[in-house]
Amino acid sequence: MFAKSTTASPMFLAIILHCVAINGSTECMSVFSDSCSILCFSMLSVSSHYINLCEEGTIFIVAMATPGLQCITWEQIQDAERVVEADKNVIRTPLFRDVAQRIGLASPVKSFHLKLENTQVTGSFKIRGLANQLAKLPANVMEGSQSVVTMSGGNYGRSFSYLLCKENGLKATVVMPRTVPYDRVERIQGYGATVELCDHADILKTVDDHVANDNMYMLHSFDDPNIISGHASCGLEIIADCPDVDVIVVCCGGGGILSGIAAAVKHSIQTAGSPVFGRNIRIFGVEPEGGERPGSVSC
């Protein structure tokens, strides 16, 4: 899917959400070209809870949606914010300001900032959404009478194992493609989860089989209102720390963090008293050129 904006200015304030690394983000850098009149990018694997592709009110949101599904509400976001703030395993990550020269980027933008989500305890933003998912788990799961299963290519599985197994002593299984680097497997196992490797095409079936035959409880790595609401806390931090932001550029794999930030910003600009009430903020989702194809387990 491609989205184009012909109203961009080369002089805007931009934030890039820095999740793990910005290596390979060539598409992302094209946002800040000298003309800055057209933006093209692809979103390859997306969450069904995305907001529709639209230019609505004062915000330009690029996303996809499955008809009939409800968008994330302001109440869900506020509830998740309280959960995330109270969780000792999640930190309020720093915002590094005016970093273009420091990272060797010849950027024409007015100001260029990085939100350092790689400073979370497990190295990515995933723990935000997981904290909220954990708070919503049924009592029988939290009591240990039902184990938990998920699928992941690395980052979600790491946070999943850390929060559920290491911190809460739960039994959990992470289904991963057998092609993942083995250091990812070792890190997840190191926190206590069981890792099950299988062919890429069999990952979802393997998870479904565990749910149907082994009475496991599934946590989805991105397509879940609870994880999206938890990730929205990152968007609220951006707004609080930099209310004059014009553009937020977010990585897009499964789409959970992009959905969460988009929802947080959209609701904030529509809420009287918000520091960005009535602002025009654009949000773009980007992936490295040559990223994984739809259906990939990239979380």
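Before any of the text, the structure's been laid out above.
In this report, the structure presented in the accompanying data block is examined. A quick note: this is a predicted structure, and the numbers were derived from the prediction, not measured.

About the cut-offs
Numbering of residues starts from 1 in every chain and runs along the sequence as written. Residues qualify for local features only when their pLDDT is at least 70, as the model is predicted, and side-chain atom pairs are given and counted only at 80 or more; totals for whole chains, interfaces and linings, by contrast, use all residues. The side-chain numbers reported here are obtained from all heavy atoms of the structure, hydrogens and water having been left aside. Put plainly, a pocket is an open set of points on a 1 Å grid over the protein atoms alone with protein on both sides within 12 Å along at least five of seven lines, a cavity is a set where a 1.4 Å probe fits but cannot get out, and a lining residue has an atom within 4 Å of a point. Grid points are joined across faces, edges and corners, and a volume is the space filled by probe spheres set on the points. Working definition: helices are DSSP H or I runs of at least four residues, strands are E runs of at least two. Numbering for both runs from the N terminus. We call Asp, Glu, Lys and Arg charged. Ala, Val, Leu, Ile, Met, Phe, Trp, Tyr, Cys and Pro are nonpolar, and the rest, Gly among them, are polar. To estimate the expected span of a helix, count its residues, drop one, and scale the result by 1.5 Å. A 1.4 Å probe rolled over the protein chains alone gives each residue an accessible area, and that area as a share of the maximum for its type sets the label: buried under 20%, exposed over 50%, partly exposed in between. In summary, the pairing rule links any two rings of Phe, Tyr or Trp, Trp by its six-membered ring, whose centres are within 6.5 Å, and it sorts them by plane angle into stacked for under 30 degrees, edge-to-face for over 60 and tilted for everything else.

## Some remarks on the layout of surface pockets
(1) Moving on: Of the volumes computed, that of the second largest pocket is approximately 230 Å³.
(2) Moving on: Forming the boundary of the second largest pocket are 16 residues, of which Glu-81, Glu-85, Arg-92, Leu-236 and Glu-237 lie nearest the centre.
(3) Moving on: Only α2 (74–86) and α8 (225–241) provide two or more residues apiece to the lining of the second largest pocket.
(4) Moving on: Looking at which element gives the most residues to the lining of the second largest pocket, the answer is α8, with five residues.
(5) Moving on: The residue inventory of the lining of the second largest pocket, partitioned by class, reads eight nonpolar, three polar and five charged.

## Topic: helix α9 (residues 256–269)
(1) Moving on: Look at α9: 20 Å from first C-alpha to last across 14 residues, which is about the 20 Å you get at 1.5 Å a residue.
(2) Moving on: Of all 14 residues in α9, 14 are buried, a share of seventy percent or more.

## Looking at the packing of aromatic side chains
(1) Moving on: Within this structure, the stated rule accounts for two aromatic pairs.
(2) Moving on: The interplanar angle of 35 degrees and the centroid separation of 5.9 Å between the aromatic rings of Tyr-156 and Phe-160 together place this pair among those described as tilted. Placement of the pair is Tyr-156 and Phe-160 together in helix α5 (residues 155–166), with a separation of four residues, close to one helical turn. Neither residue differs from the other here; Tyr-156 and Phe-160 are each classed as buried.
(3) Moving on: Arranged with centres 5.0 Å apart and planes meeting at 85 degrees, the rings of Tyr-162 and Tyr-191 form a pair that is edge-to-face.

Geometric values such as these leave the question of function open.
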